[in-house]
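# What the coordinates show
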Amino acid sequence: AQTVTQSQPEMSVQEAETVTLSCTYDTSESNYYLFWYKQPPSRQMILVIRQEAYKQQNATENRFSVNFQKAAKSFSLKISDSQLGDTAMYFCASSIIQGAQKLVFGQGTRLTINP
Amino acid sequence: EAGVTQSPTHLIKTRGQQVTLRCSPISGHTSVYWYQQALGLGLQFLLWYDEGEERNRGNFPPRFSGRQFPNYSSELNVNALELEDSALYLCASSAYRQGNQETQYFGPGTRLLVL
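Below is a summary of the structure that appears in this document. (Residues numbered from 1 in each chain as written. Chains lettered and ligands numbered in written order. Predicted model: local features only at pLDDT ≥ 70, side-chain atom pairs only at ≥ 80, totals over all residues. Heavy atoms only, no water.)

### Re the environment of B:Ser31
All names here are of chain B. Quick note on the threshold: The helix and strand labels rest on DSSP assignments: H or I over at least four residues marks a helix, E over at least two residues marks a strand, and numbering proceeds from the N terminus. Each residue gets one of three labels from its accessible area relative to the maximum for its type: buried under 20%, exposed over 50%, partly exposed in between, using a 1.4 Å probe on protein chains only. Two residues form a contact once any of their heavy atoms are found within 4.5 Å. We call two N or O atoms a polar contact when they sit within 3.5 Å, provided that within protein one can donate a hydrogen and the other can accept it, with sequence-adjacent residues counted only if both atoms are side-chain atoms.
Mapped onto the fold, Ser31 is located in strand E4 (residues 31-38). Ser31 sits in the buried class, given a relative accessible area of 0%. Remark: the alpha-carbon pair of Ser31 and Gly52, spanning 21 residues in sequence, is separated by 8.7 Å. With near-sequence residues (within four places) excluded, Ser31 lies in contact with Trp48, Tyr49, Asp50, Ala92, Ser93, Ser94 and Tyr96. Polar side-chain contacts of Ser31 include one of 3.0 Å to the side chain of Trp48.

Dropping the structure here:
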């Protein structure tokens, strides 16, 4: 079974600062994906970034990057030069590539960017 | 390219009634997933459909059911509504190629309130 844990219920930073959101996971599978999704107040779940477990290189998408530590089963999200529009709930999620095909989500981290 | 669409956006029902939620996937996606996001319970996987078949089911009672149509759109039906069914219901779609799941993209959700 897969589990995903986000230990930071809430975080708050000033605009333009860098912030890191933590996520740990557990799985017995060797082939899986890890994701960060954001859910702003509009409630639309938006993909932020995806990491394939078989890739050693950390994924990056503009201001968003991850620190994927496979042995430690850790998958943190770094947001650089944070913007007011980054204010949202951030969910870490995992899925195995073959088989059950469902996303397993963490509890979420509420991130507030202050002006 | 149009994203995942869901209807209706909001719904109010009374206990014991039945409800049908609808989802249209991104063009070219054959898989549709349903998730429940209830307050305090996080995001829970409900159902996965691919090519018209139910492929996986989460830990929900049988009164939660659905189907997928030949055009890959999907319905989620909930019978005998209970107060605890009040939640945001999210639909996601993905491609599913050669037994491998691709990234899931989410719709805006349907907010259901049961009185």
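### Observations concerning the side chain of A:Ser95
By the secondary structure assignment, A:Ser95 is in strand E10 (residues 88-96). Judged by its relative accessible area of 0%, A:Ser95 falls in the buried class. Dropping the residues within four chain positions of it, A:Ser95 is found in contact with A:Gln2, A:Tyr32, A:Tyr33, A:Phe35, A:Lys102, A:Leu103 and B:Gln101.

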